[in-house]
Number of protein chains: 2
Amino acid sequence: MTKKILLIAYCELLISVSAFAQPLVNSDQTVTFTLPDSGYRHVALKGSIDKDYKMTLSGGIWSVTTSPQQPEMYTYYFKADGKRLLDPSNPQKVRDVSKIFNYFIIDKGIAHDYTTHDVLHGRLDTIWYPSTLNGMSQRRMIVYVPAAYDTSPNARYPVLYLLHGSGGDETSWCDDGRAMQIFDNLIAEGRVCPIVVVMPNGNVNLDAAPGESPYMNKAASANNTGSWFGKFEKSFVPEILNYVESHYRIISDKEHRAIAGLSMGGFHSMYISMNNPDLFDYVGLFSPMSTNGMDDNRIGKLRKFSHNVQRLKVIGNMIGDNVPENTALEDKIQNIDVYEHLNDKLKQQFQNPPKLYYISIGNKDFLLHFAKKYMTNMDSLGCKYEYHLTDGAHSWENWRKYLVEFLGKIFR
Amino acid sequence: MTKKILLIAYCELLISVSAFAQPLVNSDQTVTFTLPDSGYRHVALKGSIDKDYKMTLSGGIWSVTTSPQQPEMYTYYFKADGKRLLDPSNPQKVRDVSKIFNYFIIDKGIAHDYTTHDVLHGRLDTIWYPSTLNGMSQRRMIVYVPAAYDTSPNARYPVLYLLHGSGGDETSWCDDGRAMQIFDNLIAEGRVCPIVVVMPNGNVNLDAAPGESPYMNKAASANNTGSWFGKFEKSFVPEILNYVESHYRIISDKEHRAIAGLSMGGFHSMYISMNNPDLFDYVGLFSPMSTNGMDDNRIGKLRKFSHNVQRLKVIGNMIGDNVPENTALEDKIQNIDVYEHLNDKLKQQFQNPPKLYYISIGNKDFLLHFAKKYMTNMDSLGCKYEYHLTDGAHSWENWRKYLVEFLGKIFR
């Protein structure tokens, strides 16, 4: 066998498809993106990187190298002649609400916590728990169980209930939030003690992420208007907390329970903890939607309004007019007492105050005004909280950071 | 409050974002797809539906209604002026190898098994097990645990090891294969007994799905050339089977163990069962890659070739020539004895034959020729198997069906 033939055969054997190595993070933290041409006239790179970039065509390949990027998990896509394209060379994809993005991580600094490392990994349980919230008898949630759990079969653990936002579901914290990696890494480094983390689905109109629920196929809507009317908050203790604390080895006391959430999940955390003042010693509100106009005055109007709709329906039926069914409205407002008497509830919650009531929000967040109003009210009631105003807007970049920071402060 | 104002407010309250109800399966099983215009000249609908469809523009919306479609899980995308677009109105998406597709299910007939129903659901555990296969010390796998498992804390269960194909990973069977739904539905209907199902990652070059492994970020390739050289098969019993059978309540005998896989996973199942003739009473090969030229003659050549590369490297170093490192090759061929003496191994496996040796493949599958060759050899050895030649090619449509059929035949 000649040397040449040998080498050809050898290279064939070792062939290494490097097509999936996209994008390329260079040593100076600039990042190179490429896209094979397909007759495009203009291609741009867009996403959570520092800015949009025009790409240039050479030798059948569109490419661009960005400015140096800070360590972070970045989402991106290509815009070719006005159309949104995914990167065919990068199998790393994540869904945020209903859009898919490619992503990459610059594995340094804060983003080191978002990357899988060779540490002991916990287990993620995807389970269904009994629920009467929706048409089906069960809802889906994801539970993180720390590595120590199985090796210490008699130990009990603190628990964090971690809630998603309005466009999300039970998978969001692990997918967009890199929560699994964050738990593994922080526990391995002793930055938080081993904990169980419960990530339920807080969208009352669905029972599971898209594709996992039968409702999507039945042309049900993915709206979550139902999630703002107290139903989820009311179901939380009997359906979620009780299930978790009877199926996992949890230390079932206030000192060992935390609840936190982003945006709508912050709203849910706020009201769940307020309506159950003896349950949580740690409350985390990340860019929370706050009272949302749900003050007692508004609630009174809603109740009156519902009463009027009832009357209207009777009249409508009498005169043969076409009045829509209002069972949905009745159903919605029957739990809004969750939001009533906010000040009394807050005062009660802070009589024996939680060890940490944590609020973080970005200086460009569209909810900043509401958060400030909520805090002004807390101030007037003498309720103590820890407040962090950060850079940035209503984004996963912030929520990942807030989660890491919050984890560093709980169960100490 | 006037009736008009009341109704407007009422509609605001009940607003239901139906944008996510795409596509619309009509009662005659035609399917209507829509896409808002964005200045496109031509838009087509493509995917696993019966054929490609041209879409037409009217009132700013591209749309098409297909012919009636058979009950099935369909993947699709839009092609607008030559660019591949996802459906912005459908959050149901699935990744197959590195491409994302939208999908929908016509929930009748065979596809009823692929849909979430209101039955008792099992639990999906995403776990990491110790492994020396790759640079890290752990690999990721997904384990399905039936609903009965937690309510019968002393019961033990049969186990199915279910392996993915060459472009897949530990998530493929649940995502593309709707395996979770299939297990839940078949167990609920008594069509298979409650079982534990283990879905490991058979891609030796990675340890977890894209984004879950650190290697993707380090520009490692997603190729799986390493998965064809015996390493996975050799690691299977010490690393996977032993881990599972010591961490889950499994009935650890041949009668209660099954192994099955698609394509490369069929190849792996074939050799894992053949090299461990006393372990599995049920073997399922779905569109399997078969001997793949890995006969003893070829293996002899590889060994000789490796020897020559070794010599060449010495010579190359002596003459200062640039010979690539060949540790990868050495590493690869050191486990190829897994494929040696195939006939002897098959004969041994069939001395005390498995209760079911199941082979299914489509009449348009590009691997059909190899499967036939493999079966001809089995015939010549007197090894009995159950063979199903179906319609179709190398596709998830077939693998889902084969899984349902195989489950109906095991642990009876």
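Residues numbered from 1 in each chain as written. Chains lettered and ligands numbered in written order. Predicted model: local features only at pLDDT ≥ 70, side-chain atom pairs only at ≥ 80, totals over all residues. Heavy atoms only, no water.

### Here's the deal with the overall build of chain A
Part 1 of the reasoning: Check the secondary structure of chain A and you find 11 helices and 18 strands.
Part 2 of the reasoning: Counting all 412 residues of chain A, 59% fall into the buried class.
Part 3 of the reasoning: Within chain A, residue pairs in contact and separated by at least 24 positions form 72% of the contacts whose partners lie at least 6 positions apart.
Part 4 of the reasoning: Counting only carbon and sulfur atoms, one obtains 53% of the accessible surface of chain A, whose full area is about 16300 Å². (Helix = DSSP H or I, 4+ residues; strand = E, 2+ residues; numbered from the N terminus. Buried < 20%, exposed > 50% of the residue type's maximum accessible area, 1.4 Å probe, protein only. Contact = heavy atoms within 4.5 Å. Areas by Shrake-Rupley, 256 points an atom, 1.4 Å probe, with all protein chains shown as cover.)

### Considering the sheet that holds strand E6 (residues 61-65) of chain A
Residues and elements named next belong to chain A.
Part 1 of the reasoning: Across the sheet, four strands lie side by side as E1-E2-E6-E5; this open sheet has antiparallel pairing. The open sheet has two free edges, formed respectively by strand E1 (24-25) and strand E5 (56-58), since each of these has just one partner strand.
Part 2 of the reasoning: Bridging between E5 and E6 involves three bridges; their strand directions are antiparallel. Its bridge partner being in E6, Ser58 is matched across the sheet by Ile61. (Pairing = 2+ DSSP bridges.)

### Regarding the pairing of strand E17 (residues 356-362) of chain B
Residue and element names in this part refer to chain B.
Part 1 of the reasoning: The buried count for E17 comes to seven of seven residues, which makes it a mostly enclosed element.
Part 2 of the reasoning: Taking every second residue as pointing to the same face, both faces of E17 are buried, with Leu356, Tyr358, Ser360 and Gly362 on one and Tyr357, Ile359 and Ile361 on the other.
Part 3 of the reasoning: Bridge count for strand E16 (residues 282-286) against E17 is five bridges, and the pairing is parallel. Bridge assignment links Phe286 to a residue of E17, and that residue is Ser360.
Part 4 of the reasoning: In the sheet, E17 pairs with strand E18 (residues 386-390) via five bridges, with the strands oriented parallel.

### Here we look at the packing of aromatic side chains
Part 1 of the reasoning: Applying the stated criterion across every chain yields a total of 52 aromatic pairs over all chains.
Part 2 of the reasoning: Ring plane angle 80° and centroid distance 6.1 Å describe the contact between B:Trp173 and B:Phe286, whose orientation is recorded as edge-to-face. Residue B:Trp173 is located in helix H3 (residues 172-175), and its partner B:Phe286 is located in strand E16; the two are separated by 113 residues in the primary sequence.
Part 3 of the reasoning: Taken together, A:Trp173, A:Phe286, A:Tyr358, A:Trp396, A:Trp399, A:Tyr402 and A:Phe406 form an aromatic cluster joined through their ring pairs. (Phe/Tyr/Trp six-rings, centres within 6.5 Å; stacked < 30°, edge-to-face > 60°.)

### Here we look at the confidence of the model for chain A
Part 1 of the reasoning: Summary statistics for chain A give a mean pLDDT of 87 and a share of 84% for residues scoring 70 or more.
Part 2 of the reasoning: Interface confidence in the predicted complex, given as ipTM, is 0.86; pTM for the same model is 0.88. (pLDDT = per-residue confidence, 0-100.)

### Here's the deal with the packing of helix H4 (residues 179-188) of chain A against helix H11 (residues 396-407) of chain A
Residues and elements named next belong to chain A.
Part 1 of the reasoning: Following both chains from N to C, one finds H4 and H11 inclined at 30°, their axes separated by 11 Å at the closest point. Overall, the two elements H4 and H11 adopt an arrangement that is roughly parallel. Judged by the sense of rotation from one axis to the other, the crossing of H4 with H11 is right-handed. On H11, the residues that touch Ala179, Ile182, Phe183 and Leu186 of H4 are Arg400, Leu403, Val404 and Leu407.
Part 2 of the reasoning: In terms of residue class, the contact of H4 with H11 is made up of seven nonpolar, no polar and one charged. (Axes fitted to C-alpha atoms, helices over the stretch in contact; angles between N-to-C directions. Parallel < 35°, antiparallel > 145°, perpendicular 65-115°, else oblique. Left-handed = near helix turned anticlockwise from the far one by under 90°. Nonpolar A, V, L, I, M, F, W, Y, C, P; charged D, E, K, R; others polar.)

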